[in-house]
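Here's the letter readout for the chains.
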Amino acid sequence: MTDLQKFFSDVERIKKRERAEHSSYDSTRVVESVVELFISNNRDMTSLASSFADYWQKTYIDTSSQREEEPTRENIDRLAAMQSLLDGETFATEILNAKDWRELSSLVNFEAEDIPMDMLEKIMMIFVDKQAL
């Protein structure tokens, strides 16, 4: 199982546990748990992961027309794409649009001094490939 597959599996487990443990599905609680998972998966870059998660939540979750069903598969795919970027990979990043790439690039630039140099180089190369700089 790849790291990304594990991420998807963990998110589904969070959603399943929410449904099993509570009488009604609380999307806010689920989103908070998913954000915690995302940040914990990126312990070497917690500040950047927090910034990415905040962007994801404000841009896609808080503005969702399906708020009570969040995180939807599409929005999980977006966060997984951000996870892939933080892993220095481009797998499954097609879901990110030009605005996402620009915003994520801006967040990386802001946090650059706290990112391990090897990871920063990989991430920046991806931004160059995606013309996000």
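Above: the structure in question.
Remember, it's a predicted structure, so these values are computed and weren't measured experimentally. (Residues numbered from 1 in each chain as written. Predicted model: local features only at pLDDT ≥ 70, side-chain atom pairs only at ≥ 80, totals over all residues. Heavy atoms only, no water.)

**Student:** I would appreciate a short explanation of helix H5 (residues 98-111) in the present structure.
**Tutor:** Because each turn of an α-helix spans 3.6 residues, side chains separated by three or four positions end up pointing in the same direction. Between the first and last C-alpha of H5 there are 20 Å, a value that for 14 residues agrees with the 20 Å anticipated at 1.5 Å per step. Every buried residue of H5 is accounted for by Asp100, Trp101, Leu104, Ser105, Leu107, Val108 and Glu111. Along the long axis of H5, the arc covered by the buried residues comes to 160 degrees, so they all point the same way. The secondary structure elements touched by the buried residues of H5 are helix H3 (46-61), helix H4 (73-86) and helix H6 (117-129). For H5, the N-terminal capping position is held by asparagine 97, with its side-chain oxygen 3.0 Å away from the main-chain nitrogen of lysine 99. (Helix = DSSP H or I, 4+ residues; strand = E, 2+ residues; numbered from the N terminus. Expected span 1.5 Å × (residues − 1). Buried < 20%, exposed > 50% of the residue type's maximum accessible area, 1.4 Å probe, protein only. Arc of directions from axis to C-beta. Contact = heavy atoms within 4.5 Å. Polar contact = N/O pair within 3.5 Å; in protein donor to acceptor, adjacent residues only side chain to side chain.)

**Student:** For this particular structure, what's the right way to read the packing of aromatic side chains?
**Tutor:** Counted by the stated rule, this structure contains 4 aromatic pairs. With centroids separated by 6.4 Å and ring planes inclined at 70 degrees, the aromatic side chains of phenylalanine 7 and phenylalanine 38 adopt a geometry described as edge-to-face. Of the two residues, phenylalanine 7 is situated in helix H1 (residues 3-21) and phenylalanine 38 in helix H2 (residues 27-40); the sequence distance between them amounts to 31 residues. The burial state of phenylalanine 7 is the same as that of phenylalanine 38; both residues are buried. Summarising the aromatic geometry, the rings of tyrosine 55 and tyrosine 60 are spaced 6.5 Å apart at their centres and angled 90 degrees between planes, so their arrangement reads as edge-to-face. Judged by relative accessible area, tyrosine 55 falls into the buried class, the value being 8%. An aromatic cluster is built from Phe7, Phe8 and Phe38, whose rings are joined through pairwise contacts. Seen from the ring of phenylalanine 8, arginine 73 lies directly overhead, with NZ or CZ sitting 4.4 Å from the centre. (Phe/Tyr/Trp six-rings, centres within 6.5 Å; stacked < 30°, edge-to-face > 60°. Lys NZ or Arg CZ within 6 Å of the ring centre and 35° of its normal.)

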